[in-house]
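Chain by chain, the residues:
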Amino acid sequence: MGDIVVLSVGDIVHNVKNGDVGLLLDQGIETGASGQGMFQIVVWRIYWILEGDTTYTEEGIMNMVDTGYLVQYKNI
């Protein structure tokens, strides 16, 4: 924990809670509006063996890797 998490297309993530394995497919930008105005957030599309195609925020994935909820295997 504490290492800088860098996400890349092709990285594999393992969910240690349910055993699912996912592949980072692509990164995108989602836009939205709030009471404070427009915002953009970085998201990743992950294909999970058990769950299928899902989208997570980049910050959320990085936090899950940092806390050990997900184990990241780099695509090198």
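Presented here is an overview of the structure given in this document.

Criteria and cut-off values
Residues numbered from 1 in each chain as written. Predicted model: local features only at pLDDT ≥ 70, side-chain atom pairs only at ≥ 80, totals over all residues. Heavy atoms only, no water. Phe/Tyr/Trp six-rings, centres within 6.5 Å; stacked < 30°, edge-to-face > 60°. Buried < 20%, exposed > 50% of the residue type's maximum accessible area, 1.4 Å probe, protein only. Helix = DSSP H or I, 4+ residues; strand = E, 2+ residues; numbered from the N terminus. Contact = heavy atoms within 4.5 Å. Salt bridge = Lys/Arg side-chain N within 4 Å of Asp/Glu carboxyl O.

### Topic: the packing of aromatic side chains
Geometrically, a pair of aromatic rings is defined through the distance of the ring centres and the angle of the planes. With the rule as written, the count across this model stands at 1 aromatic pair. Geometrically, the ring pair formed by Trp-48 and Tyr-56 is edge-to-face, given 6.2 Å between the ring centres and 70° between the ring planes. Assessed through its relative accessible area of 2%, Trp-48 is described here as buried. Take Tyr-56: its relative accessible area is 25%, and that puts it in the partly exposed class.

### Thoughts on the environment of Ile-49
Structurally, Ile-49 is set in the loop between strand E3 (37–48) and strand E4 (52–57). Measuring from C-alpha to C-alpha, the distance between Ile-49 and Leu-23 comes to 8.7 Å, with 26 residues separating the pair along the chain. Residues in contact with Ile-49, not counting those within four places in the same chain, are Asp-20 and Val-21.

### Focus: the pattern of salt bridges
All told, the structure shown has 3 salt bridges when counted by the stated rule. Between Lys-74 and Asp-11 there is a salt bridge; the shortest N-O distance is 3.0 Å. One end of the pair, Lys-74, is in the segment after strand E5 (70–73); the other, Asp-11, is in the segment before strand E1 (12–15), and 63 residues separate them in sequence. Notably, a salt bridge pairs Asp-53 with Arg-45, separated by 3.5 Å at the nearest N-O pair. On the accessibility criterion, Asp-53 (45% relative accessible area) is partly exposed.

By themselves these figures say nothing about function.
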